[in-house]
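# An overview of the molecular structure
Next come the chains, spelled out residue by residue.
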Amino acid sequence: MSGVIEKWGHRLTPPAVAYGRLEVAIMRLLFALLLWTNLPVFGKFLKQENPQPKPNGLAEWGMSFAWAGDPAVMGVLKIILVPVLVVYVLGVLRWLALPYMLTLSIAVGTFKNSQGSISHVYQIITKLLLVQCGLHLYLAVRRAARRPYAFKEGWTLDRAEVFVSQSALAAIYLTTAITKLHRSEGGWVFQLRHIGVDLEKTWSQAYYNELVVDAPRWAIAIKDFVTAHPWAAVLLFAPGLFAEFFAFLGLYGRRLALVMGVLLVILHFGAIYVMQLEFWQNIACLLIFFINLPYWLVFRW
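One structure accompanies this document, and this report is about it. (Residues numbered from 1 in each chain as written. Predicted model: local features only at pLDDT ≥ 70, side-chain atom pairs only at ≥ 80, totals over all residues. Heavy atoms only, no water.)

### As for empty space enclosed by the protein
Just so we agree on the cut-off: In this analysis a 1.4 Å probe is tested at points of a 1 Å grid over the protein atoms alone, and where it fits but cannot get out there is a cavity; an open set with protein on both sides within 12 Å along at least five of seven lines is a pocket; lining residues have an atom within 4 Å of a point. Grid points are joined across faces, edges and corners, and a volume is the space filled by probe spheres set on the points. Strands here are runs of E lasting at least two residues and helices are runs of H or I lasting at least four, both read from the DSSP assignment and numbered beginning at the N terminus. For this classification, Asp, Glu, Lys and Arg are treated as charged, while Ala, Val, Leu, Ile, Met, Phe, Trp, Tyr, Cys and Pro are nonpolar and the rest, including Gly, are polar.
Scanning the entire structure with this criterion turns up two cavities of 30 Å³ or more. The space that makes up the largest cavity amounts to roughly 60 Å³. Lining the largest cavity are P14, P15, A16, V17, Y19, W155, R159, F163, Q166 and L251. Estimates place the volume of the second largest cavity at around 40 Å³. With three residues, helix α12 (residues 280–291) is the single largest residue contributor to the lining of the second largest cavity. Per-class residue counts for the lining of the second largest cavity are seven nonpolar, two polar and one charged.

### Quick look at the environment of Q115
Note the following rule: Here's how the labels work: a residue is buried when its accessible area is under 20% of the maximum for its type, exposed when over 50%, partly exposed in between, all with a 1.4 Å probe on protein chains only. Within 3.5 Å is the distance limit for a polar contact, defined as a pair of N or O atoms, with the added protein rule that one can donate a hydrogen and the other accept it, and that residues adjacent in sequence qualify only through two side-chain atoms.
In this fold, Q115 is placed in the loop between α4 (94–113) and α5 (123–144). Under the relative-accessibility criterion, Q115 is labelled buried at 19%. Taking C-alpha positions, Q115 is 9.5 Å from N50, a pair spaced 65 residues apart along the chain. At 2.8 Å, the side chain of Q115 and the backbone oxygen of P51 are in polar contact.

### Digging into the packing of aromatic side chains
Aromatic rings considered in pairs are described by the distance between their centres and by the relative angle of their planes. The condition that has to hold: A pair of Phe, Tyr and Trp rings is counted when the ring centres sit within 6.5 Å of each other, with Trp represented by its six-membered ring. The angle between the planes then sorts it: under 30 degrees is stacked, over 60 is edge-to-face, the rest tilted. Lysine NZ or arginine CZ positioned within 6 Å of the ring centre and within 35 degrees of the ring normal marks a charge as sitting over the ring.
Summed over all chains, the structure comprises nine aromatic pairs. When the centroid spacing of 6.1 Å and the interplanar angle of 40° are considered together, the rings of F246 and F248 count as tilted. What makes F248 partly exposed here is its relative accessible area of 32%. Ring centres 5.0 Å apart and planes at 80° place the aromatic pair Y295 and W296 in the edge-to-face group. Here W296 falls in the buried class, since its relative accessible area comes to 17%. Three or more aromatic residues joined by ring pairs form one cluster here, namely Y138, Y149 and F151. Residue placement shows K78 over the ring face of W36; its charged tip is 4.3 Å from the ring centre. Just above the ring of Y295 sits the side chain of R254; from NZ or CZ to the centre is 3.6 Å.

### Section: the pattern of salt bridges
Two side chains bearing opposite charge may form a pair once their charged atoms approach each other closely. Short version of the rule: Salt bridge criterion: a side-chain nitrogen from Lys or Arg within 4 Å of a carboxyl oxygen from Asp or Glu.
Inspection of every chain in the model, using the stated rule, returns six salt bridges. Note that K180 is salt-bridged to E244, the shortest N-O span being 3.0 Å. Placement of K180 in helix α6 (residues 157–183) and of E244 in helix α10 (residues 230–245) is noted, with a sequence separation of 64 residues between them. Judged by relative accessible area, K180 falls into the partly exposed class, the value being 22%. Judged by relative accessible area, which is 6%, E244 ranks as buried. Connected through shared salt-bridge partners, R28, R94, D158 and E161 make up one network.

### Quick notes on the side chain of N113
What counts, and what does not: Working rule for contacts: check all heavy atoms of both residues, and any pair within 4.5 Å makes them a contact.
Its place among the elements puts N113 in helix α4. The exposure class of N113 is buried, given its relative accessible area of 11%. Setting aside anything within four residues of it in sequence, one finds N113 in contact with K54, N56, I118 and S119.

This is how it looks when you write it as structure tokens:
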């Protein structure tokens, strides 16, 4: 079985991008900081009789993540996380560090979503941790069995780690595009002409929550324009679907990764300011693994 995986792995992977060790270490540092800043220490949930009133994900299978809502427990776990993140950033014992990081991310995301309000902010971080963890555990098992994986020419462990992270990002956006087309029976682009109604509803909800319109003038202008001119929404928002659909092109070299990353970041900023949908974690992951500013500003020269 391992031989089949190795054979098809060589066939399906594109030519390796020459990511340097320091460059990849910076990626890991930025990703570690992203994980750290997205693991809140909850407290108010301890007062609830049922800490998981609306079980979601693994909690639906009877697993309790109430400990993720205990500030004392999470405080200790975050202290332990510090040396784990250091080990991860240094690139040693990643097969041991990543399962711990993944477990905390799953626990916090599942516990938060089990409160009755579903949020996807942790999803992209957890998925990237999942594929990185899978890669390193698979290679660790191969080494333990004395059958180490032979990388294709030009590939290294660091380059493979970046590639699986980019692949997960591309898969997330491709899945989003396919889901839109499937749920709309292929009519998503043409249904965009009705998006003005959804925008008015979303903006009204935001206004009555805060009693203030917290958006730049250009976002307000776009919202008003597509509401008054429904077909303009097709021209403005349809390109976002194609950016999601072709996100996988970012796997084929630095320049394509930069282009697709910038397009997807523009898509997210439009969603944040026009649709009031915040996915800052997605933007951060695109900046780290697709756009990769340290390379373009420092290493390229």
